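# Structural overview for review
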Amino acid sequence: MLRSLSRLSTRLPVRGVSATRCFSAEVSQDWTDAWNAATENMASNVTFEESAEILRNLTKTDLLRATDLRDSPSRFFEAHRILARHAVDHGPGFWIRFTVHYNLFAGTIVAAGDEEQVGRLADYQAAGELGCFGLTEKLAGVQSGLVVQTTATYDEASSEFILNTPHEGARKNWISQGFVADKAVVLADLIVKGESKGPHAFVMDFRQSGSLVPNVTIDDMGTKTVGNDLDNAWIDFTNVRLPKDSLLRRYAEVDGDGEYQIKGNVRPFDMIGQRLYTGRIAVAQAALEYRRTLYAKTKAYSDAKKMFAFKGEPVLSEIPQLNSLYEENDAKLKELDDYVGECERALGEVLKEGGTPDTRLVDCIATAKVKAVEDSIEMVHRLRQEVGSFALMADAGFKHTDFLQCCKFAEGDSRILMSKIARDRLRLVEKGQDMDSDEGKQALGLAMAMKKHLDNGASKQEAWDNEWKGIYELAETVMARVMKDGPKA
Ligand SMILES: Cc1cc2nc3c(=O)[nH]c(=O)nc-3n(C[C@H](O)[C@H](O)[C@H](O)COP(=O)(O)OP(=O)(O)OC[C@H]3O[C@@H](n4cnc5c(N)ncnc54)[C@H](O)[C@@H]3O)c2cc1C
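Reference entry: report on the structure contained in this document.

Conventions adopted
- Residues numbered from 1 in each chain as written.
- Predicted model: local features only at pLDDT ≥ 70, side-chain atom pairs only at ≥ 80, totals over all residues.
- Heavy atoms only, no water.
- Helix = DSSP H or I, 4+ residues; strand = E, 2+ residues; numbered from the N terminus.
- Buried < 20%, exposed > 50% of the residue type's maximum accessible area, 1.4 Å probe, protein only.
- Near = heavy atom within 4 Å.
- Polar contact = N/O pair within 3.5 Å; in protein donor to acceptor, adjacent residues only side chain to side chain.
- Areas by Shrake-Rupley, 256 points an atom, 1.4 Å probe, with all protein chains shown as cover.
- Axes fitted to C-alpha atoms, helices over the stretch in contact; angles between N-to-C directions.
- Parallel < 35°, antiparallel > 145°, perpendicular 65-115°, else oblique.
- Contact = heavy atoms within 4.5 Å.
- Nonpolar A, V, L, I, M, F, W, Y, C, P; charged D, E, K, R; others polar.
- Salt bridge = Lys/Arg side-chain N within 4 Å of Asp/Glu carboxyl O.

### So, unusual backbone geometry
Trans is the common state for peptide bonds, and a negative phi is the common state for residues other than glycine. Here the phi dihedral of Ser209 falls at roughly 50 degrees; this positive angle occurs in a residue that is not glycine. Examined against the element boundaries, Ser209 turns out to sit in the loop between strand E7 (207–208) and strand E8 (211–212). A residue is classified by how much of its surface remains accessible, and Ser209, at 82% relative accessible area, is exposed. Phi at Glu411 is positive, roughly 55 degrees, even though this residue is not glycine. By relative accessible area, which is 9% here, Glu411 ends up buried.

Here it is as structure tokens:
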């Protein structure tokens, strides 16, 4: 077996720094031990092919099933948390590869596929086949509210879909695992009888016997600051023919007469968007785990580092500014752990029921992600300023802090999420709702300021841009309230 699960780590062990966990049927002590054992010997400086092979072998252990996101959400989240701790020593590459496969690729099939399509996930897993997820495009994607320009046109003559990248700006961009994936979930605008039906998810063979399927072109996105054990590709489709059953069809399909049919009252794209919610929780927890592990590792160093003193034998950890930073970090981590944990449990219930989170939970999850990531970026930066030369050492873990940058923009960038939170709050004001509280007054003040711009001839966008500071301030106020109330209030 290649350098994979069995490779020995030369780094500090990362066990023993986790948030306190309550074991359950889904996450038993036995399961946790097995997952730790299967993942504890992660390697640094592996090639992307080796990294992919590690994931193939990990999936084949069956410790985490592709459907666990629905059947055992706590296990799904715990698996992510444990892996995130390795990012301090090995960077973000493997964690991203893992979550793209389990959350974005398999999770989208679980959410939007019918029974037969979901059933195939077990076959992929047994064969160690990996999947990528193609949503982001060069000029559109996650940041633009899930717009896609890639087209999947239904061809009545052959009962197939024809996948196309209409122009260079519509190329799929940054697709993780694009150089190794056997399967792909691709988001494309479905066109039936000349009419756009909006973005739908298609599952396709991406490679057969290791070679790209015909009419798919890929290239490398380039070298990154961290995570180069993860392959990222841009992808171009030219008349790629997909069989009819490639459309994930739990909520919509093209019938025998070539007519588009919606099943039930769920919009297919709403279910695809669900993956962003599970992803946001997983990302929030990953940021907290990275920070917890880095703080633990740094504290182990500063506890052991003796300092000069006329009296006694102080250690670096006792320096007041560092000591107080450790205490502040412990308190803030606990608050965030508790809050994100509440969001995880609330989302877990929804996932098990196969439903969609309500607006309150959506806001709570967005808040969890923004707060966990932004606070971790700040606290890690401050730690770096206080520990002297240690922060410069290659093995200390600070060189992988761009892991937190990845957390910041993955599954919804902080700015985008905050803009949405503020926009939703302003809508309440437009409807004349909830304006008496301090938050309501702040929102009303912002709405009036924007109206003034509009009255002076500004466009809506110009009014929004002119008040950008107020928008993020309003989002901060809403997030503080949402976090205080929690998902269940
Ligand atoms: C390592 C890595 C792996 C990835 N894997 C995948 C994958 O597997 N599949 C996939 O589909 N995608 C993937 N992505 C794409 C990822 O989701 C996007 O990079 C992300 O959505 C950010 O897009 P961008 O970098 O083009 O940001 P840009 O759109 O260029 O935005 C830059 C910044 O401007 C701000 N901004 C942008 N628009 C607005 C706005 N309207 N209002 C306010 N602020 C704004 C934000 O702060 C944003 O961070 C990956 C990216 C990376 C780097």
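Read on, since the account is not over.
### Notes on the site of the ligand
In the neighbourhood of the ligand, 15 residues make up the surrounding shell, with Phe133, Thr136, Trp174, Ser176 and Asp413 lying closest. Between the ligand and the protein, one listed contact pairs a nitrogen atom with a backbone N or O atom of Phe133 at 2.8 Å. Between the ligand and Asp413 there is a distance of 2.8 Å, counted from an oxygen atom to a side-chain nitrogen or oxygen. Here the ligand, which alone exposes 970 Å², has 64% of that area covered by the protein.

### Considerations on the packing of helix H10 (residues 359–386) against helix H15 (residues 468–485)
Viewed as axis vectors pointing N to C, H10 and H15 meet at an angle of 110 degrees, and their least axial separation amounts to 9 Å. Taken together, H10 and H15 sit at an angle that is classed as roughly perpendicular. Two secondary-structure elements touch here, H10 through Arg360, Asp363, Cys364, Thr367, Val370 and Lys371 and H15 through Glu476, Met479, Val482, Met483 and Asp485. Across the contact of H10 with H15, the residue classes tally to 5 nonpolar, 1 polar and 5 charged.

### Side note on the pattern of salt bridges
Under the definition given, this model contains 42 salt bridges. Lys193 serves as the salt-bridge partner of Glu259, at 3.8 Å between the closest nitrogen and oxygen. A residue pair is termed long-range when its members are at least 10 positions apart, and Glu259 in the loop between strand E12 (252–254) and strand E13 (260–262) and Lys193 in the loop between strand E5 (183–192) and strand E6 (195–205) qualify at 66 residues. The partner of Asp375 in a salt bridge is Arg291, with the nearest N and O atoms 2.9 Å apart. Here Asp375 is found in helix H10, whereas its partner Arg291 is found in helix H8 (residues 268–304), with 84 residues between them in sequence. Each of Arg291, Glu328, Lys332, Asp375, Glu378 and Arg382 takes part in a single network of salt bridges with overlapping partners.

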